[in-house]
Amino acid sequence: DAGVTQSPTHLIKTRGQQVTLRCSPKSGHDTVSWYQQALGQGPQFIFQYYEEEERQRGNFPDRFSGHQFPNYSSELNVNALLLGDSALYLCASSLGGQAVNEKLFFGSGTQLSVL
Amino acid sequence: KQEVTQIPAALSVPEGENLVLNCSFTDSAIYNLQWFRQDPGKGLTSLLLIQSSQREQTSGRLNASLDKSSGRSTLYIAASQPGDSATYLCAVRTSGTYKYIFGTGTRLKVLA
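Right, let's walk through the structure included here.

Observations regarding the pattern of salt bridges
Per the counting criterion, the structure on display carries 5 salt bridges over all chains. Between D85 of chain A and R63 of chain A there is a salt bridge whose closest N-O contact spans 2.9 Å. Here the residue D85 of chain A occupies a position in the loop between strand 8 (74-78) and strand 9 (87-94), and R63 of chain A occupies one in the loop between strand 6 (53-57) and strand 7 (64-68), the gap between them amounting to 22 residues. Of the two residues examined, D85 of chain A and R63 of chain A, each falls in the buried class. Across the pair R61 of chain B and D84 of chain B runs a salt bridge, and its minimum N-O distance is 2.8 Å. Of this pair, R61 of chain B sits in the loop between strand 6 (56-59) and strand 7 (62-67) while D84 of chain B sits in the loop between strand 8 (72-77) and strand 9 (86-94), placing them 23 residues apart in sequence. With a relative accessible area of 30%, R61 of chain B lands in the partly exposed category. You can call D84 of chain B buried: its relative accessible area is 8%.

Structure, rendered in structure tokens:
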């Protein structure tokens, strides 16, 4: 049973560029959430996708956007990269629209470095 | 606004010790609280989920308790092992939301 897979594992970009990160949820899961984790900090919620719609968004600028496909996989896009966007980006999947007491399953993350 | 705090930030103990990690949160209107483990540069693994109606959950050597009224949770690790070395994060899902608010974690090192 495949868990949550993210690609790429590492990425180096320069300021002003755009980046796309990808996530495939755990088999059977239909809900994908994205989190940003800066070094030494806890993850911060970016947004959640369910039924191909953004259902909730955290306190992130519009430069951060996403998409969910019919097969439940998801992409995170970041435009006009800033140095401060350097972080570990984590994808989490869950079942049933993240019903109240469903556990989150995380991927290993994409380490983004912006130079 | 929900805020989650974890104490201590770091902990170093000899193998075999029992230890307690603390998590506090400011808004008691929660659906649940999860404890996660994170190895360096890796994703998070869910250890225990405590529903708002529960007082504790146990899995092997791990026991997590929840006191909603005081806004606190503790993770108890019995007979610690070097393989337990990792960062432990607690996360709270506030009622009416889908997002989890995370603490900054406790970095645990168990010495052989």
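Considerations on the packing of aromatic side chains
With the rule as written, the count across this model stands at 8 aromatic pairs over all chains. Ring geometry for F47 of chain A versus Y49 of chain A: centroids 5.3 Å apart, planes at 85 degrees, classification edge-to-face. Taken individually, F47 of chain A and Y49 of chain A each receive the classification buried, so the pair is uniform in this respect. With 5.5 Å between their ring centres and 40 degrees between their planes, F36 of chain B and F102 of chain B make a pair best called tilted. With F36 of chain B in strand 4 (residues 30-38) and F102 of chain B in strand 10 (residues 101-102), the pair connects residues that are 66 residues apart, well separated along the chain. Classification of F36 of chain B as buried rests on a relative accessible area of 0%. Among the aromatic residues, ring-to-ring pairing joins Y35, F45 and F106 of chain A together with F36 and F102 of chain B into one connected group. Positioned over the ring face of F105 of chain A is K26 of chain A, at 5.1 Å from the centre of the ring. Note that R55 of chain A overlies the ring of Y98 of chain B, its terminal NZ or CZ placed 3.5 Å from the centroid.

So, the interface of chain B and chain A
Chain B puts 22 residues into the contact, and the matching count from chain A is 23 residues. At the boundary of chain B with chain A, the tally comes to 0 salt bridges. Mapped by element, the contributors of at least two residues to the side of chain B that touches chain A are strand 4, strand 5 (44-51) and strand 9 of chain B. Counted by class, the side of chain B that touches chain A contains 9 nonpolar, 10 polar and 3 charged residues.

Reading the values: rules and limits
- Residues numbered from 1 in each chain as written.
- Chains lettered and ligands numbered in written order.
- Predicted model: local features only at pLDDT ≥ 70, side-chain atom pairs only at ≥ 80, totals over all residues.
- Heavy atoms only, no water.
- Salt bridge = Lys/Arg side-chain N within 4 Å of Asp/Glu carboxyl O.
- Helix = DSSP H or I, 4+ residues; strand = E, 2+ residues; numbered from the N terminus.
- Buried < 20%, exposed > 50% of the residue type's maximum accessible area, 1.4 Å probe, protein only.
- Phe/Tyr/Trp six-rings, centres within 6.5 Å; stacked < 30°, edge-to-face > 60°.
- Lys NZ or Arg CZ within 6 Å of the ring centre and 35° of its normal.
- Contact = heavy atoms within 4.5 Å.
- Nonpolar A, V, L, I, M, F, W, Y, C, P; charged D, E, K, R; others polar.

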